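Fold and contact review
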Amino acid sequence: MPIITLTTDLGSTDFYVGSLKGAILSQLADVTIVDISHNVPLYNFSKAAFIVRNCYQDFPQGTIHIIGVNPEIDNETAHVAIYHNGHYFIGADNGMFSLIFDTAPDKIVELNINQDTDKITFPTRDVFSKAACHIARGGTLEVLGRIKNELNIRTLFQATTVNNLIKGMITYIDRYGNVHTNVSEDLFKNFGKGRKFTIYLRSSSYEITEISKTYNETYEGGIVAIFNTTGHIEIALNKGNAHSLLGLKEMNPFTIEFYD
Amino acid sequence: MPIITLTTDLGSTDFYVGSLKGAILSQLADVTIVDISHNVPLYNFSKAAFIVRNCYQDFPQGTIHIIGVNPEIDNETAHVAIYHNGHYFIGADNGMFSLIFDTAPDKIVELNINQDTDKITFPTRDVFSKAACHIARGGTLEVLGRIKNELNIRTLFQATTVNNLIKGMITYIDRYGNVHTNVSEDLFKNFGKGRKFTIYLRSSSYEITEISKTYNETYEGGIVAIFNTTGHIEIALNKGNAHSLLGLKEMNPFTIEFYD
Amino acid sequence: MPIITLTTDLGSTDFYVGSLKGAILSQLADVTIVDISHNVPLYNFSKAAFIVRNCYQDFPQGTIHIIGVNPEIDNETAHVAIYHNGHYFIGADNGMFSLIFDTAPDKIVELNINQDTDKITFPTRDVFSKAACHIARGGTLEVLGRIKNELNIRTLFQATTVNNLIKGMITYIDRYGNVHTNVSEDLFKNFGKGRKFTIYLRSSSYEITEISKTYNETYEGGIVAIFNTTGHIEIALNKGNAHSLLGLKEMNPFTIEFYD
């Protein structure tokens, strides 16, 4: 049974998600619809990208991911369907997709689905669901529109290195108040080469000098840094809220110093 | 596979939705259960009606819609199952259904499912799920109870016209802060006959003189009026919150003036 | 089709629930995944136990219940899979399971699933989903680990009786503000033997002298006590919020006096 996932800012109160699911089920009787999140902060496509980026590979190959955040088209923004890493992605090319993939996608088409020109305020339902169901039925991307070679590019701040320092940034605060960063485990290990280090957290006098394997390696309320499931350094309090208790916010910079 | 949709005020924290879904799956192994919303404001059946009204037709014919808001019976309120427009609806006849349908339903039965008289605090699970599963198995409405000819009626304020004016009302504020009204596209076009017009928004000095096709026809934060997916005029800010920024609230009246 | 239910504190905004569902669907194509709740208060395994306890029996026999709250292991806490009352339960043995069952479970195994020791921050996805899919495919518990004879025990305050009094406690406030207690219908009936009684609610001058069958037996806003769907006394206001309007909070004691 084909799988279609939904990541939107439609919320879980209004009729919009019902409409979207109804439209999918009207086109395709046998389909597994999975809600990834409908609570993406409004219009925040970089959050949507973060969410999809960090879970899509847990789904089986061939899964179709609809992303309904800022779905409107304009002169610079087309509706696209993308095939990459064995998965399909459908949404508006507002820069979001460049934040999901680390490399250029295997295939991109600009959607050219004949739509009623008087019915264009809900493209997640009226365009994306059609593209998704077409793919779910085994249809090719080429039928949906013309091949496109490039996506619009947005970039996030990358962690940088200078002398003995990695300079990173906080990228995401999750429901637990855990603090996600842009310092990858690979960068940390390749640059650190096993040396001793201190993580200096801005707006906090806490310093961290080791990487833990689990949240509960310390006492309850104690601070830990771990390599998390996204492959990056995460700062957390064991059963506490690092975000509120340490005053750490998204976009805050922080530094890791290594010692020879 | 039959489809049962759920629209309730049960929320998404307690065990109630789990109980309801468990009860359905215990009666019917092969069923697609779709959450439309469990976040209907408490006891607010007119919101539930608005939500179901605006998405049920996106589902395939034969879909069964359970509405679990104010599900209790009393002397004036029966449990009913309704067939209308190719869809089934189950809930308490508290006036809600008259807000979902524009015309009298094709068939109504008053549910007469033998229920344990000591177990009547959760009719959405204990009565509605049984009726839904009966219908999903291909059973007829007549088996569920006796035919009823009329529903309890509630009415919402209808938009009215006087001289060159349409007098409308704000009916619903959605998650985006978009402002839904009771002025339908049909009324606007039939009454306006293509004339120039101004939409005067009470408690705001903004005036709108055109209908846009999409939210992003104006600059970000700019105000637009569109014919939305429900077939009515909607006031919105492009990527902004018309509700909070323009001070527009549910039940507020507003006026559209046409010029000869 | 096997059913796997999910009860977690993962929330509905981040990518975690998506990851978990993706992992299940990657292991098992034909499965019905049911969200019971992802909004368990953070780290609150006794709330998770309350939620699962009160809905699991509505699901069909053989259903597999994953509980992802405080999923980490430590010296005293193992990952376990349990068979009880025809249902399977998977989670960390942090005391939670002893709050779900009234009697010792039929079978317990301590999970010994070979896991990547560098990937242990998300056991709900990486361990529990594997155990669940193994069981869903018809596998035996014994393959998952060694038999364990006992669970860690947590106890909640039990209602007690003295002279003509039942001394109870408020255990849970639900979305409606309805007040759940630990006084069971059985205790009330066996101890009360049909005598007249008064329920004295602390921090409120309200006294209740009868048990109602439904919430709407009184006027809107009126107070009722009912035997609710969990088999306990519940204090509620008809279409009102007993929690906020009567000042009743979780852990508050209250008394029922019987008269000869």
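All values reported here derive from a predicted model rather than from experimental measurement. Residue numbers run consecutively from 1 along every chain, following the written order of its sequence. Chains and ligands are labelled by the order in which they are written, letters from A for the one and numbers from 1 for the other. It should be noted that, the model being predicted, local features are given only for residues of pLDDT at least 70 and side-chain atom pairs only at 80 or more, the latter also being counted only at that level, while totals for whole chains, interfaces and linings use all residues. To obtain the side-chain values, all non-hydrogen atoms of the structure were used and water was disregarded.

Glancing now at the relation of the copies chain A and chain C. Mapping chain A onto chain C leaves a residual RMSD of 0.0 Å; the transformation is a rotation of 120 degrees accompanied by 0.0 Å of translation along its axis. The transformation relating the two chain copies, once decomposed into turn and shift, fits a three-fold axis. The C-alpha atom lying nearest the rotation axis in chain A is that of threonine 32 of chain A; the distance is 5.2 Å. Looking at the interface residues of chain A, only 6% of them are also at the interface in chain C, so each copy uses its own face. Least squares is the method for superposing the copies, and the C-alpha atoms it fits come from residues with pLDDT of at least 70 in both. Any two residues whose heavy atoms approach within 4.5 Å at even a single point are treated as in contact.

Every other side chain in a regular strand lies on the same face of the sheet, so the side chains alternate between the two faces. Residue and element names in this part refer to chain B. Note on classification: 1.4 Å probe, protein chains only; a residue is buried when its accessible area is under 20% of the maximum for its type, exposed when over 50%, partly exposed between these limits. Runs of E in the DSSP output that reach at least two residues are strands. Runs of H or I that reach at least four are helices, and both are numbered from the N terminus. On strand 16 (residues 253–259), burial follows the alternation: Phe254, Ile256 and Phe258 on one face are buried, whereas Pro253, Thr255, Glu257 and Tyr259 on the facing-out side are not. A pair of strands is considered paired only if DSSP assigns at least 2 bridges between the two. Summarising the sheet, strand 9 (residues 165–173) and strand 16 pair through 5 bridges and their orientation is antiparallel. Residue pairing across strands places leucine 165 opposite glutamate 257, the latter belonging to strand 16. Judged from the 6 bridges that link them, strand 11 (residues 196–201) and strand 16 form a sheet pairing that is antiparallel. Paired with lysine 196 across the bridge in strand 16 is tyrosine 259.

Attention now moves to the interface of chain B and chain A. With 32 residues of chain B at the interface, the matching set in chain A holds 30 residues. A salt bridge links glutamate 72 of chain A to lysine 239 of chain B; the nearest nitrogen and oxygen atoms lie 3.9 Å apart. For the purposes of these results, a polar contact is taken to be a pair of N or O atoms within 3.5 Å, where, inside protein, one atom must be able to donate a hydrogen and its partner to accept one; residues adjacent in sequence count only when each atom of the pair is a side-chain atom. Inspection of the chain B/chain A interface yields 16 residue pairs in polar contact (both at pLDDT 80 or more). Those elements giving two or more residues to the side of chain B that touches chain A turn out to be strand 2 (32–37), helix 2 (45–53), strand 9 and strand 14 (223–227) of chain B. Residues are sorted three ways: Asp, Glu, Lys and Arg are charged, Ala, Val, Leu, Ile, Met, Phe, Trp, Tyr, Cys and Pro are nonpolar, and all the rest, Gly among them, are polar. When grouped by side-chain class, the residues that make up the side of chain B that touches chain A number 14 nonpolar, 12 polar and 6 charged. Here, a salt bridge means any side-chain nitrogen of Lys or Arg that lies within 4 Å of a carboxyl oxygen of Asp or Glu.

For the pair of chain copies, the relating transformation is a rotation about an axis with a translation along it. For these two chains of identical sequence, chain B goes onto chain A by a turn of 120 degrees and a shift of 0.0 Å along the axis, with RMSD 0.0 Å. The two copies present different faces, since only 6% of the interface residues in chain B are matched by interface residues at the equivalent positions in chain A.

Buried and open spaces are told apart on a 1 Å grid over the protein atoms alone, a cavity being a set of points where a 1.4 Å probe fits but cannot get out and a pocket being an open set with protein on both sides within 12 Å along at least five of seven lines. Residues with an atom within 4 Å of a point are the lining residues. Grid points are joined across faces, edges and corners, and a volume is the space filled by probe spheres set on the points. Taken as a whole and assessed by the stated rule, the structure comprises 4 cavities of 30 Å³ or more. The computed volume of the largest cavity comes to approximately 530 Å³. Lining the largest cavity are 24 residues, and of these Ile33 of chain A, Thr32 and Ile33 of chain B together with Thr32 and Ile33 of chain C lie nearest its centre. Among the secondary structure elements, those contributing two or more residues to the lining of the largest cavity are helix 1 (16–27) and strand 2 (32–37) of chain A, helix 1 (16–27) and strand 2 of chain B together with helix 1 (16–27) and strand 2 (32–37) of chain C. A per-class count over the lining of the largest cavity returns 15 nonpolar, 3 polar and 6 charged.

So, on to the sheet that holds strand 1 (residues 3–8) of chain B. Strand pairing in a sheet takes place through backbone hydrogen bonds and is either antiparallel or parallel in direction. All names here are of chain B. Spatial strand order, 2-1-3-5-4-6-7: 7 strands in an open sheet with mixed pairing. Of all the strands in the sheet, the pair left with one neighbour each is strand 2 and strand 7 (145–147). Across the sheet, the mean angle separating the axes of adjacent strands is 20 degrees when strand polarity is ignored. In the sheet, strand 6 (residues 107–111) pairs with strand 7 via 3 bridges, with the strands oriented antiparallel. Bridge assignment links valine 109 to a residue of strand 7, and that residue is isoleucine 147. Running over the sheet, helix 2 touches strand 1, strand 2, strand 3 (64–68) and strand 5 (87–92) and is turned about 145 degrees from strand 1. Note on geometry: axes are C-alpha line fits, over the in-contact stretch for helices, and angles between N-to-C directions span 0 to 180 degrees. Here helix 4 (residues 123–136) sits on the sheet and contacts strand 1, strand 3, strand 4 (79–84), strand 5 and strand 6; the angle it forms with strand 3, its principal contact strand, is near 170 degrees.

Turning next to helix 5 (residues 185–192) of chain B. All names here are of chain B. Among the residues of helix 5, those classed as buried are Phe188, Phe191 and Gly192. Around the axis of helix 5, the buried residues are gathered within 90 degrees of arc, so they sit on the same side. Away from the buried face of helix 5 by more than 90 degrees, exposed residues Asp186 and Asn190 are located. A positive backbone phi angle near 50 degrees is found at lysine 193, which sits one or two residues after helix 5. An arc is given here, and it is the one of the directions from the helix axis to the C-beta atoms.

Another point: the pattern of salt bridges. Taken as a whole, this structure holds 30 salt bridges over all chains when the rule is applied. Here aspartate 260 of chain C makes a salt bridge to arginine 195 of chain C, at a shortest N to O gap of 2.9 Å. Taken together, the residues aspartate 260 of chain C in the segment after strand 16 (253–259) and arginine 195 of chain C in the loop between helix 5 (185–192) and strand 11 (196–201) connect sequence positions 65 residues apart. Assessed through its relative accessible area of 80%, aspartate 260 of chain C is described here as exposed. Given the relative accessible area of 22%, arginine 195 of chain C is considered partly exposed. A single network of salt bridges, built from pairs that share partners, joins Asp58 of chain A together with Arg125 and Asp126 of chain C.

In this section: the packing of helix 1 of chain C against helix 4 (residues 123–136) of chain C. Residue and element names in this part refer to chain C. One can describe the packing of helix 1 onto helix 4 by two numbers: an axis separation of 9 Å at closest approach and a directional angle of 35 degrees. The handedness of the crossing between helix 1 and helix 4 comes out as right-handed. Residue-level inspection shows Ser19, Leu20, Ala23, Ile24 and Gln27 of helix 1 in contact with helix 4, the latter providing Thr124, Arg125, Ser129, Lys130 and Cys133. The crossing is said to be left-handed when, going from far helix to near helix, the turn is anticlockwise and less than a right angle, and right-handed when the turn is clockwise.

This part takes up the sheet that holds strand 3 (residues 64–68) of chain A. All names here are of chain A. Read across the sheet, 7 strands follow the order 2-1-3-5-4-6-7 without closing on themselves; strand pairing throughout is mixed. In the strand order of this sheet, the two ends are held by strand 2 and strand 7 (145–148), each with one partner. The average undirected angle you get between the axes of adjacent strands in this sheet is 25 degrees. In terms of strand pairing, strand 6 (residues 107–111) meets strand 7 through 4 bridges, oriented antiparallel. Sitting on the sheet, helix 2 (residues 45–53) touches strand 1 (3–8), strand 2, strand 3 and strand 5 (87–92), and the angle it makes with strand 1 is about 145 degrees. Contacts from helix 4 (residues 123–136) reach strand 1, strand 3, strand 4 (79–84), strand 5 and strand 6, with the element oriented near 170 degrees to strand 3.

Residue and element names in this part refer to chain A. By convention here, the domain bounds are inherited from an automatic or database domain assignment. The assigned domain composition of chain A is domain 1 (3–147) and domain 2 (160–259). The distance between the C-alpha centroids of domain 1 and domain 2 comes to 33 Å. At the junction of the two partners, domain 1 supplies 4 residues and domain 2 supplies 5 residues. Here the quantity called buried area is the accessible surface, traced with a 1.4 Å probe, that two parts lose on coming together, added over both. Carbon and sulfur atoms make up 63% of the area that domain 1 and domain 2 hide from each other, which totals about 430 Å². When the buried area of domain 1 at its contact with domain 2 is split by residue, Lys47, Phe50 and Asn54 rank highest and sum to 87% of it. Run the count over domain 1 and domain 2 and you get 1 salt bridge. The residue glutamate 250 makes a salt bridge to lysine 47 at a minimum N-O spacing of 2.3 Å. In this structure, the connection of domain 1 to domain 2 is made through 1 residue pair in polar contact (both at pLDDT 80 or more). A per-class count over the side of domain 1 that touches domain 2 returns 2 nonpolar, 1 polar and 1 charged.

Locating threonine 13 of chain C in the fold gives a position in the loop between strand 1 (3–8) and helix 1. Taking relative accessible area as the criterion, threonine 13 of chain C reaches 30% and is therefore assigned partly exposed. The spacing of threonine 13 of chain C and histidine 38 of chain C is 25 residues in sequence and 9.9 Å in space, taken between C-alpha atoms. Once residues within four sequence positions are removed from consideration, threonine 13 of chain C is found in contact with Ser37, Asn39, Ile51 and Tyr172 of chain A.

On to the packing of aromatic side chains, then. All names here are of chain A. Any two rings among Phe, Tyr and Trp, with Trp reduced to its six-membered ring, count as a pair given centres within 6.5 Å; such a pair is stacked if its planes are under 30 degrees apart, edge-to-face if over 60, and tilted if neither. Enumeration over the complete set of coordinates arrives at 45 aromatic pairs over all chains. Judged by centre distance (4.2 Å) and plane angle (15 degrees), the rings of phenylalanine 50 and tyrosine 172 are stacked. With phenylalanine 50 in helix 2 and tyrosine 172 in strand 9 (residues 165–173), the pair connects residues that are 122 residues apart, well separated along the chain. For phenylalanine 50, a relative accessible area of 15% puts it in the buried group. Judged by its relative accessible area of 3%, tyrosine 172 is buried.

Attention shifts here to unusual backbone geometry. All names here are of chain B. In the Ramachandran plot, tyrosine 43 falls in the positive-phi region, its phi being about 65 degrees despite a non-glycine side chain. Here tyrosine 43 lies in the loop between strand 2 and helix 2. Among the residues examined, tyrosine 43 registers a relative accessible area of 22% and is labelled partly exposed. Despite not being glycine, asparagine 70 has its phi angle at roughly 50 degrees, a positive value. Among the secondary structure elements, asparagine 70 is positioned in the loop between strand 3 and strand 4.

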